[in-house]
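So you can see what is in the structure, the chains are spelled out below.
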Amino acid sequence: MNAFCEVLEQLYKKVLLGATLESDSHKYIFYLNPALSDQEYATTLSLEWPDTSGVQGMHQPLPVKVTAIPGAGVCVKRNSQTSSAQETQLLQLTVIHVMISKILSAETEIHTKEKYCDITKILLQSNEVDSKLICLVQNSDKLLSHMAAKCLALLLYFQLKEKITLSSSWMVFCQNNLSEYSESNEVIHCLWILTAVIKEIFKDTCSEKTEILKQFLTAFDTTFEVFYNSLFSQHFENHQDPSKIINSLMSFLDLLELLIASRIYLKLHFRSQRVLFLKPSCVLDILTWPIQAFVKRKLIIFIKKCLLCKVGEDLCHASVLTLMSPDHHLDVDMLALANAVLQTVNLSLLKTWSVRGKRPYFGGNEVQPGCGDIAGPDHVLLRAASLVTVKSLEIKFRNYTSVNEMKVDLQRFMSELLTFLKPHLQPSLQLHNPCEWLSRVFIEQDDDMLEAAKALLSIYLKLIRECEATESVTQEKEMWIRHTHENGYNPHCIFIFFLKNIGFDSTVLLDFLISSETCFLEYFVRYLKLLQKDWDNFFTICKVFDATESQCGINICGCVPSLIQDRSSNRTPPHCLTAPDSHIHAYACIPWASGDYSEPLKQAVMSKETHTVRDHSPSSPQACQNLVDYDSSDDSEAESMGQCSADSQQTSFYQQASKNIQDPAGTSRDKEELCLEPQSSPLVPKESTASFSVDCEVAPNNTVSEVGIFQRVVKCFEELQGAIYRLQKKNLFPYNPAALLKLLKCIEAIYNKSVSLL
């Protein structure tokens, strides 16, 4: 026993280092073949190693010089007399796991990889190691079971990659456990192993991953659909031990996400990849179960990822950067999922999605003893439910042709959403512009906020196109504009609230434009295109913001109020919330609410309400200058290196987006929204580099100045345009911003023309 364990330890060290094994492959099998019982384990230890004379160091420790490996983490007791069968099994599994990992690694030498591969094949063929691993997976010891599951997943992937037929024992194990739902641990083990295999396929850099996954799904396609039907037809209240079905549900959602991701990124079309879209109501019904909050949270986030086509994004990062080609079948499936979501909303079931009680914390919902806790809504669920509803509306509206039908559905669903959010917002939306809901709900999640803003902008643009084609009466248009405010989706209000959130800081916009973590580039381009055509409405809305803030006595540049009822108390609330008596029904101040929709543009510009404002970014011009004003690219080591190197990795998305922006021949509506040439705006000289001329400057050092919303927005655009131009001039921008600069210059020209008319 002493010699057996010592040799196994030395073998582990050699494999961990990726060293070549000199002996015949069959002789290593003796040490790697896991024992299943104490009797078999004792028999293994009592056997004599055959023909040891030609095997170097097999009954003595292998004469290999081993250096310390930080974090190797092998749990082996040096005193062989205290070793147990379990520890020996764990070490055997660890050696097998490391060996297969070395085979799959591109860094392993070819000769060493061939040797390890030969040993693994012999282990599979002559000793049925996969059958033994299946038995170990069902062991009551959780550590041994988990290690066996990890080892089995790698072995299965090795078989797929080497085009070895999967063993009948594994196929039978899956069929028995997934043919129908049962409250057994084997179901969870089976789902975990299948998920781990697909993850390995995604992580592999080989060009054959699509064929490998196709081979895998061919064997399990029907099994996955059968289990889907069985699991989601369960009644939660009928289970005595809810933890069993919850664990199975969580594991299957992980597997389902990877199946959908493989359809999107690897372009496979198996029925098991479509089962969610074919039967979405089964999944949505679970949100009505009296189930723990973390399950609802995971489920609603899963649906959100599906609608945004972001499933498996952590494993498909390289694929995400390459814009997906059109997929009509996927569009049809997304529409089916969106319709199912909206049907749930229409049935007033949104309230069943939210959970009140203890706040969710990282690692659980318990707090330290002695620390107070305030009950409140689950912010994650509120954001996800809002985005799921808005995104579903956007997908549904792509297929609408009737303006009246669009307006009716938009009012119904947005009314349901605002009603759902109203109890969770403080202060109530009744005291504010209804369009402020988006900034309040998503204030802590900028990527979701921009996705929601982009979806609402797409809905607005769709309605504009249809209304322009069917309506010409000014009064009807004014009523429709009023409708956009009442239902909280006016794009100008949403954009202004977004700028207020960031303190009108152009450096934040610049960061969004450079980063690939949000869809801000696409959203910003579409909004600028809209702004060129809808400048008068933008003027009017800015004037209404100023008038409302002035009458309410609210700081126009103050931070957005604490938008969720129970936000962290360590934040100092903005000054506007300290005087609740000063709040009036802001909606009554809005001209479109009282029928007075538009006023002359000159009045909007000349109106100079005074506001006491505190500059939240007094050094923003200087900060912007520091960000981009380098004498050479060497002066920006930390920033420019990462940004410039993005040309080969990060910028594929931006290059495609820039291409879309500059594509004047686009035939689709989306391409028309992103085309370079403005629809109607003053021409700007090609060599013009002049910045916006804003008379009202922001006073530095937190001094008080008189400035309105419109001037703040224009000032922000001015600073952003200058920052982008300086970065482009020094070749530090991660993609070609020429089209974006031209859009900003068009806005500048419109502004200058408006001022010149006064």
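Cut-off values and rules
Residues numbered from 1 in each chain as written. Predicted model: local features only at pLDDT ≥ 70, side-chain atom pairs only at ≥ 80, totals over all residues. Heavy atoms only, no water. Helix = DSSP H or I, 4+ residues; strand = E, 2+ residues; numbered from the N terminus. Expected span 1.5 Å × (residues − 1). Buried < 20%, exposed > 50% of the residue type's maximum accessible area, 1.4 Å probe, protein only. Polar contact = N/O pair within 3.5 Å; in protein donor to acceptor, adjacent residues only side chain to side chain. Core = buried A, V, L, I, M, F, W, Y, C linked by side-chain atoms within 4.5 Å. Phe/Tyr/Trp six-rings, centres within 6.5 Å; stacked < 30°, edge-to-face > 60°. Lys NZ or Arg CZ within 6 Å of the ring centre and 35° of its normal. Contact = heavy atoms within 4.5 Å. Axes fitted to C-alpha atoms, helices over the stretch in contact; angles between N-to-C directions. Nonpolar A, V, L, I, M, F, W, Y, C, P; charged D, E, K, R; others polar. Salt bridge = Lys/Arg side-chain N within 4 Å of Asp/Glu carboxyl O. pLDDT = per-residue confidence, 0-100.

**Q** Account for helix α7 (residues 142-161), naming residues and giving values.
**A** Residues that lie three or four places apart on an α-helix share one face, since the helix turns once every 3.6 residues. Given a rise of 1.5 Å per residue, 20 residues ought to cover 28 Å, and the 29 Å separating the end C-alpha atoms of α7 matches this to within 8%. When you tally the buried positions in α7, you get 15 out of 20 residues, the bulk of the element. Capping the start of α7 is the job of one residue whose side-chain oxygen sits 3.2 Å from the backbone nitrogen of L143: D141.

**Q** Report on the nonpolar core, specifying residues and quantitative values.
**A** Grouped together as the largest cluster of nonpolar side chains are 211 residues, with contacts concentrated most on W170, L194, W437, F498, L513 and F524. Counting residues per element, this core draws most heavily on helix α11 (residues 242-266), which supplies 15 residues.

**Q** How would you summarise the environment of Y725 if you had to cite specific residues and measurements?
**A** Checked against the element boundaries, Y725 lands in helix α31 (residues 709-729). Since its relative accessible area comes to 35%, Y725 is described here as partly exposed. Through-space distance from the C-alpha of Y725 to that of A738 is 8.8 Å; in sequence the pair is 13 residues apart.

**Q** How would you explain the packing of aromatic side chains if you had to name every residue and give the values?
**A** Tallied over the full model, the rule gives 30 aromatic pairs. Pairwise contacts between aromatic rings join F495, F498, F512, F520, Y523, F524, Y527 and F717 into one cluster. The residue whose ring lies beneath R412 is F413, and the NZ or CZ to ring-centre distance is 4.8 Å.

**Q** Give me the side chain of T344: which residues, what numbers.
**A** Among the structural elements, T344 can be located in helix α16 (residues 328-346). Among residues more than four places away in sequence, those in contact with T344 are L284, L349, L350 and W353.

**Q** Summarise the packing of helix α6 (residues 129-137) against helix α8 (residues 168-178); cite the residues concerned and give the values.
**A** Contact geometry of α6 with α8 gives a least axis separation of 8 Å together with a crossing angle of 30 degrees. Within the contact between the two elements, α6 uses D130, S131 and I134 and α8 uses S169, W170 and F173. Among the residues making up the contact of α6 with α8, the classes are represented as three nonpolar, two polar and one charged.

**Q** I'd like to hear about the pattern of salt bridges, residue by residue, with values.
**A** Taken as a whole and judged by the stated rule, the model has 23 salt bridges. With a shortest N-O distance of 3.0 Å, E522 and R526 are connected by a salt bridge. Taken as a pair, E522 and R526 lie in helix α24 (residues 520-533) at a separation of four residues, close to a single helical turn. Judged by its relative accessible area of 6%, R526 falls in the buried class. Sharing partners across several salt bridges, the network here consists of K310, E451, K454, E522 and R526.

**Q** An account of the confidence of the model for the protein is needed here, citing residue identities and associated values.
**A** Per-residue confidence for the protein gives a mean pLDDT of 74; residues scoring 70 or more make up 66%. Segment residues 39-83 is flagged for pLDDT under 50; beyond a separation of four residues in sequence, or across chains, it makes 72 contacts in the model. Counted against residues more than four places away or in other chains, residues 555-691, with its pLDDT under 50, gives 254 contacts.

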